[in-house]
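Structural characterization, general
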Amino acid sequence: MSNIKKPVVLPELEALINTLRETIELSVTLANAPDKLNLVKADLEKLNQSLCEISGNSALERHYQYHGNANHVLPYSPATGYMNPIAPNIEIFEHHGKVIGQVTFNKTYEGPPQSVHGSIVASVYDQVLAITNIANGTAGPTANLSVNYRKPTPLYRPLRFE
């Protein structure tokens, strides 16, 4: 695993991204309680107004080059970006010349009951392959990706993409 640190990002921004991940996870299991839902919606509208005041500029460059740490490539990717709250909280690193992703998927990524949606599995594999290509100086879009699902991918269990 690389000892290179992440690009400079305020800890407050990383904390906000992680809190947004938690909000997204909670939102996929909301109860049917109209009064409370309306209150939360009003709070979110206020929050979005506050976010508008500080959004519009990326905290980081959109890294398409490998600088010794696979976790820093494509920080805003919806599949693996640590700066994107819809991305699973995945750690990507290099080990013995391989790019590896480790993640535990939560309810946000559920397809079949208690299982990760297949498209999420495929998009994470696609991104790990893209980062591998970037690390090897052969960046480019995936031309073809075929995934054979042998059994459901479980939620809430550590998984490894290699």
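Quick caveat, the model's predicted, so the values are computed rather than measured. (Residues numbered from 1 in each chain as written. Predicted model: local features only at pLDDT ≥ 70, side-chain atom pairs only at ≥ 80, totals over all residues. Heavy atoms only, no water.)

Concerning the sheet that holds strand β2 (residues 98-104)
Overall, antiparallel pairing links the three strands, which are arranged β1-β2-β3 in an open sheet. Each end of this open sheet is capped by a strand with a single partner; those strands are β1 (91-95) and β3 (158-161). In this sheet, neighbouring strand axes are inclined to one another by 25° on average, regardless of whether the strands run parallel or antiparallel. As judged from the four bridges shared by β2 and β3, these two strands associate in the antiparallel manner. Bridge assignment links T104 to a residue of β3, and that residue is P158. In the packing of helix α3 (residues 118-135) onto the sheet, contacts are made with β1, β2 and β3, and the angle to β3 comes to roughly 45°. (Pairing = 2+ DSSP bridges. Helix = DSSP H or I, 4+ residues; strand = E, 2+ residues; numbered from the N terminus. Axes fitted to C-alpha atoms, helices over the stretch in contact; angles between N-to-C directions. Contact = heavy atoms within 4.5 Å.)

A look at the nonpolar core
Within the largest apolar cluster, 18 residues are counted, with the highest numbers of intra-cluster contacts made by F105 and F161. Looking at this core, the elements that each hand over two or more residues are β2, α3 and β3. Every residue in contact with F105, bar those within four places of it in the chain, is listed here: P88, V116, I120, V124, L155, Y156, L159 and F161. Within the second largest apolar cluster, five residues are counted, among which are V9, I17, Y82 and M83. (Core = buried A, V, L, I, M, F, W, Y, C linked by side-chain atoms within 4.5 Å. Buried < 20%, exposed > 50% of the residue type's maximum accessible area, 1.4 Å probe, protein only.)

Let's talk about the packing of aromatic side chains
For the structure on display, the rule yields three aromatic pairs. Between F105 and Y109 the ring centres are 5.6 Å apart and the planes differ by 65°, which places this aromatic pair in the edge-to-face class. As far as burial versus exposure is concerned, F105 and Y109 are alike and both buried. Relative to F161, the ring of Y125 has its centre 4.6 Å away and its plane inclined at 70°; by these criteria the two rings are edge-to-face. Of the two residues, Y125 sits in helix α3 while F161 sits in strand β3, which places them 36 residues apart along the sequence. With a relative accessible area of 4%, F161 lands in the buried category. (Phe/Tyr/Trp six-rings, centres within 6.5 Å; stacked < 30°, edge-to-face > 60°.)

Thoughts on a nonpolar patch on the surface
A contiguous nonpolar surface patch, about 220 Å² in accessible area, is contributed by V40, L44 and L47. If you trace the backbone, V40 turns up in helix α2 (residues 34-54). Owing to a relative accessible area of 45%, V40 belongs among the partly exposed residues under this scheme. (Patch = residues over 30% accessible without salt bridge, like charges linked within 9 Å, V, L, I, M, F, W, Y side chains within 5 Å. Areas by Shrake-Rupley, 256 points an atom, 1.4 Å probe, with all protein chains shown as cover. Salt bridge = Lys/Arg side-chain N within 4 Å of Asp/Glu carboxyl O.)

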